[in-house]
Every structure is written in structure tokens, then in C-alpha cells.
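Okay, here's what each chain looks like letter by letter:
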Amino acid sequence: GGAIIGFDGGIWASTPGFYGNPIEFSAIAAAFQPQSDAKYKGLQFQGDLYVITSLADNTIVAQKSSSSLIVAKCNNCLVLGYHDEQMSYNECYQAVTELAQSLRNPENDALI
């Protein structure tokens, strides 16, 4: 599943059945800040704690058991994807990062 979430916490687009919490979304967005302690405390998503395993300038990967949360930062939004046993990590990571790259493209500035 996944979603495109504005920095204000609003869900711009999502897969069917996606739900989220604006407080969790704010904390996920804040994890990209250099002073964030999320790398030590993890991220809450849909009530579960995910441990950050990778934190780059524009991409966060967090895991909980066999599930992963992948978040890519764009200029005005976050692209968030999560998977469980029904989808592979690689498929989810590729989908999130490619969509984010497309949204970061200057030609799409009017969209975001």
C-alpha cells in the first residue's frame, strides 16, 4: 500500500484501504531533519513501531518484522509505501523511489 502525503499531513492520493494519522505523518516528515532522533527511536506507522534501517537525504527505510516502510521526500510531499508478505521489499522500494523521482522532476512542479 502507499500514499502521497502533503507536508501538512493531508493525503493527496492513496491505495484503497490506506489509513494514517496526521501526527504519525508529521513525525515521519520530521525524521528527515538533521536533528531528528527518529534514527534512535524509530517511526510509528499505523500504530506500529518501525526501526529505521536506512536514512539518506531523501529516503528512509524502516522495518518491523517482515514488513518495511519506505518514505521518499519530495519538494512538497512524501511518497510513502509499505509492504508485507504479499509484496517484495524490492518492488515496494522501486515503486516509491521512482514515483518520488518523477514528482521531483521540474516538469512536474505544477503538480506538486
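Just above, that's the structure.
This structure is a prediction, so every number in the text was calculated from the model and none was measured. (Residues numbered from 1 in each chain as written. Predicted model: local features only at pLDDT ≥ 70, side-chain atom pairs only at ≥ 80, totals over all residues. Heavy atoms only, no water.)

## Side note on the packing of aromatic side chains
- Under the definition given, this model contains six aromatic pairs.
- Relative to Tyr50, the ring of Phe45 lies with its centre 6.1 Å away and its plane at 70°, an arrangement referred to as edge-to-face. In this structure, Phe45 and Tyr50 share a single accessibility class: buried.
- One aromatic cluster in this structure is built from Phe18, Phe25, Phe45, Tyr50 and Tyr82. (Phe/Tyr/Trp six-rings, centres within 6.5 Å; stacked < 30°, edge-to-face > 60°. Buried < 20%, exposed > 50% of the residue type's maximum accessible area, 1.4 Å probe, protein only.)

## A short note on the pattern of salt bridges
- All chains considered together, the criterion is met by two salt bridges.
- Its salt-bridge partner being Asp37, residue Lys41 comes within 3.1 Å of it at the nearest N-O pair.
- Here Lys41 falls in the exposed class, since its relative accessible area comes to 59%.
- Among the salt bridges present, the one from Lys64 reaches Asp48, with a minimum N-O distance of 3.7 Å. On the criterion of sequence distance, the pair formed by Lys64 in strand β5 (residues 59-64) and Asp48 in strand β4 (residues 48-55) is long-range, its members being 16 residues apart.
- Take Lys64: its relative accessible area is 29%, and that puts it in the partly exposed class.
- For Asp48, a relative accessible area of 32% corresponds to the partly exposed category. (Salt bridge = Lys/Arg side-chain N within 4 Å of Asp/Glu carboxyl O. Helix = DSSP H or I, 4+ residues; strand = E, 2+ residues; numbered from the N terminus.)

## Some words on helix α3 (residues 89-104)
- End to end, α3 covers 22 Å across 16 residues, agreeing with the expected 22 Å (1.5 Å per residue, within 8%).
- Three or more residues of α3 are buried, namely Cys92, Val96, Thr97, Ala100 and Leu103. The arc enclosing the buried residues of α3, seen along the axis, measures out at 125°, which places them on a common side. Exposed side of α3, more than 90 degrees from the buried face: Asn90 and Gln101 are the residues found there.
- Contact partners of the buried residues in α3: β1 (2-6), β5, β6 (67-73) and β7 (77-83). (Expected span 1.5 Å × (residues − 1). Arc of directions from axis to C-beta. Contact = heavy atoms within 4.5 Å.)

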